[in-house]
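Here's the letter readout for the chains.
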Amino acid sequence: MSHIFFAWEFGENYGHLAKTYPIGRHLRQAGHSVYFAVRDTRVSAELLAKEGFPFFQSPLSARTARLAKPPVNYAEIFILYGYSDYATLHGLVQCWHHLFHLIKPDV
């Protein structure tokens, strides 16, 4: 069967896992291996750990930017999370690359 990898990098609270968790449960029942990269390990422990889903901390930047106004598009969201700084972006991409290398997802 397939290795399926859900990635949650931006956002907060339960919204992302509330949508992907039931899909992951269904896929696992169908015989697939399901993994999660999560932004919030506390929320993930509440939903994923109790059912034995393996999860990893998503690569996060310790450096965040501030905008004068709320973000209006994805480019500005990326700026908020450090993607406008080359060294930060390079580190994040390397972390994602290594997670994918370890998990070897099909999807």
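Below, the structure is looked at part by part.

Cut-off values and rules
Residues numbered from 1 in each chain as written. Predicted model: local features only at pLDDT ≥ 70, side-chain atom pairs only at ≥ 80, totals over all residues. Heavy atoms only, no water. Helix = DSSP H or I, 4+ residues; strand = E, 2+ residues; numbered from the N terminus. Buried < 20%, exposed > 50% of the residue type's maximum accessible area, 1.4 Å probe, protein only. Contact = heavy atoms within 4.5 Å. Lys, Arg positive; Asp, Glu negative; His and termini not counted. Charge placed at Lys NZ, Arg CZ, Asp CG, Glu CD. Salt bridge = Lys/Arg side-chain N within 4 Å of Asp/Glu carboxyl O. Core = buried A, V, L, I, M, F, W, Y, C linked by side-chain atoms within 4.5 Å. Phe/Tyr/Trp six-rings, centres within 6.5 Å; stacked < 30°, edge-to-face > 60°. Lys NZ or Arg CZ within 6 Å of the ring centre and 35° of its normal.

A word on the overall build of the protein chain. Per the secondary structure count, the protein chain includes four helices and three strands. Walking the protein chain from its N terminus toward its C terminus, one meets helices and strands in the order β-α-β-α-β-α-α. In terms of principal-axis extent, the alpha carbons of the protein chain reach across some 45 × 25 × 20 Å. Counting across all 107 residues of the protein chain, residues that qualify as buried make up 29%. Taking all contacts inside the protein chain whose residues are at least 6 apart in sequence as the whole, residues at least 24 apart take part in 58%. When the 10 positive and 8 negative side-chain charges of the protein chain are each reduced to one mean point, those points stand 2 Å apart.

This brings us to the pattern of salt bridges. One pass over the structure, following the stated rule, counts four salt bridges. Here Glu51 ties to Arg28 by a salt bridge, and the two come within 3.4 Å at their closest N and O atoms. Here Arg28 lies in helix 1 (residues 15–29) and Glu51 lies in the loop between helix 2 (41–47) and strand 3 (55–57), a separation of 23 residues in the sequence. Residue classification places Glu51 among the partly exposed residues on the basis of a relative accessible area of 26%. Three or more residues are tied together by salt bridges with common partners; here these are Arg25, Arg28 and Glu51.

On to the nonpolar core. Within the largest apolar cluster, 13 residues are counted, with the highest numbers of intra-cluster contacts made by Phe6, Leu17, Val34, Phe36, Val38, Leu48 and Phe53. Mapped onto this core, the elements with two or more residues apiece are strand 1 (3–7), helix 1, strand 2 (33–38) and helix 2. Contact partners of Val34, with chain neighbours within four places excluded, come to Ile4, Phe6, Gly24, Leu27, Arg28, Phe53 and Pro54. Core analysis: the next-biggest nonpolar cluster, separate from the first, contains six residues, Phe5, Ala37, Trp96 and Ile103 among them.

Attention now goes to the packing of aromatic side chains. Under the criterion given, the structure shown has ten aromatic pairs. Aromatic ring contacts, followed pair by pair, group Phe10, Tyr74, Phe78, Tyr81 and Tyr83 into a single cluster. Above the face of the Phe53 ring, Arg28 is positioned so that its terminal group lies 3.9 Å from the ring centre.

We now examine the environment of Phe10. Inspection of the secondary structure puts Phe10 in the loop between strand 1 and helix 1. Sequence separation of Phe10 and Asp40 is 30 residues, and the distance between their C-alpha atoms is 9.7 Å. Discounting residues that sit within four places of it in the chain, Phe10 has contacts with His16, Arg39, Ile77, Phe78, Tyr81 and Tyr83.

All we've got here are geometric facts, nothing functional implied.
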